Structure formats: C-alpha cells, structure tokens
Amino acid sequence: MARKKRIQADKSDLHVSDFGNIEIPDLDLSLFDVLNDGYDEETRYTKPKVYDLKSDYVLYDNAVKLAQELRLGFGERADVFVSGNFIFGDFIEAYIVGNNAKCRKMTISTLSLSQNNVDSLYNLLANGYIDELNLVVSVYFWGNEIRSLIPYIYRKLDFGNKFQLSVASVHTKTAQCETLGGRKIVIHGSANLRSSGNIEQFTIEENPELYDFYDEHFSRIVEKYATIRKPIRGTSLWSELVKKSND
C-alpha cells in the first residue's frame, strides 16, 4: 500500500508543486530474491534497508507560525524547507517559549547571526528559559564583527555566568538542547540564525543518541575555543587546589 508524506504549505514563495506531487510506493523487496535463485555463490547485491521513521515534511516562511504549529513527540522528527525571509533564531525562541520549555543547556553553532538574534537569545536567558548557553561562531564572523556585534554579544549575553562564546573554524548550523522534562532535541541544517534571502532546510528531532553525539563534540569545541574565562567555584575550586598541591 502506498504511503504519502504529509506536506503542509503556508503562504510563501515556496509551493508544493515546485517539488512535484509524487506518491512513492512501498518497495517490493521480493524482487531481489531472484538474484539468488539458481546460484550457490553470494551475489554483490543486497536488499536495501527500510526504516519506519515518524517524520513530517513541511514548508514554511514564518518562524513563529511554524513554532506554534509544530508539535514534536518523543522519538519524532520534522524536516522543513523554509523561504528566504525565515529567521531561524526567531524559531528557536518561539519554539521554546511556546512549549514553555526549560533548557538545562543549549549549544548553538552558526556561521553568522544578527543583533536581533542576540536580543532573542537574551530574552531566553533573562527570562529563565535557558540555564546555560554556549554559542559557537565562525572565525569569519569574528573577523567581520570584532568592532561591532562581538562587543554587543558580550554586553548583552555575558551575565550570571550562564554564557560562553567560542570562536572556531566552523561552518556548522546546529542547535541542541536538553530540557528539564527529559527531552533531548537537535536541530541541524543549512540555516544560520539570521535570514539569508535563500531557501534553507533544517531537521528538528527528539533524539537522545544524536544529542549526546553532538553534545560530546561541541563541548570540546566550546571548551577549547572559549573566549570567556569562567570562575572556578565550590567543590571544583577545592579539587583544583588539592590537585595542584599533590603535583
């Protein structure tokens, strides 16, 4: 029986017809059995693996509207095409606020961002939606914004020892967060935090294994290329003193 993927379209310069209305039938894997008939030796052809994923495919041009309508259950994901005026940073704020989510930790990597994106992240930090925010930006962005937006980022986001800015040779566009409710959400794709004027795509999924993978590697980047010195407090400070006295 053929399965259709659901496509939701908003008013946009993107249209479903641009990508073709095509029904993709289920694969008849029995066709591959003929490859082994009458032969004792192993062939070099294998059956393709078929995965049953809970996924939606959507088209949107408005970040806030998508955040309001997107509902992601445990183990589910959505693949999204967005138009050139879509602001990915607005989606992150609207999605967290709209779901009243509390993030223990959020890590974002982006090639570039805007002042509005910084203000959006400030809203999440100042209103208690995020306990720890790590922002990884590109060397390209640092070099171009060292006298303008970089100082603004420090002034706006570096309060309460909640924020870290790391600068590295990255071209990644990701965001991952762990919520108090136990969700581990990963967003990855082509979209930077600010709008680009181009069609972009991203995937958002509740995926603990993928989150742990991203978190492990980005934590190394954040630590190695951090630009803010964090104070050592409490038991961590005592451990450092004991360690140094024993060296």
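In the block above lies the structure referred to throughout.
Residues numbered from 1 in each chain as written. Predicted model: local features only at pLDDT ≥ 70, side-chain atom pairs only at ≥ 80, totals over all residues. Heavy atoms only, no water.

### Quick look at the pairing of strand β9 (residues 200–206)
- The buried fraction of β9 amounts to 6 of the 7 residues, a majority that puts the element mostly inside the structure.
- Relative to β9, strand β3 (residues 77–82) runs antiparallel, the two being bridged by 6 bridges. By the bridge assignment for β9, Val82 is matched with Glu200.
- Pairing between strand β8 (residues 184–189) and β9: 5 bridges, direction antiparallel. Directly across from Val186, in β9, lies its bridge partner Glu205. (Buried < 20%, exposed > 50% of the residue type's maximum accessible area, 1.4 Å probe, protein only. Helix = DSSP H or I, 4+ residues; strand = E, 2+ residues; numbered from the N terminus. Pairing = 2+ DSSP bridges.)

### Some points on the packing of aromatic side chains
- Scanning the model with the defined rule gives 5 aromatic pairs in all.
- Ring centres 5.4 Å apart and planes at 45° place the aromatic pair Phe91 and Phe202 in the tilted group. Of this pair, Phe91 sits in helix α3 (residues 88–98) while Phe202 sits in strand β9; the two residues are 111 residues apart in sequence, bridging distant segments of the chain. As far as the burial class goes, Phe91 and Phe202 line up, both buried.
- Measuring from ring centre to ring centre gives 5.8 Å for Tyr122 and Phe159, while their planes differ by 65°; the resulting arrangement is edge-to-face. Taken together, the residues span a long stretch of sequence, with Tyr122 in helix α4 (residues 115–126) and Phe159 in the loop between α6 (149–157) and β6 (163–168) at a distance of 37 residues.
- Classification of Phe159 as partly exposed rests on a relative accessible area of 28%.
- Pairwise contacts between aromatic rings join Phe91, Tyr95 and Phe202 into one cluster. (Phe/Tyr/Trp six-rings, centres within 6.5 Å; stacked < 30°, edge-to-face > 60°.)

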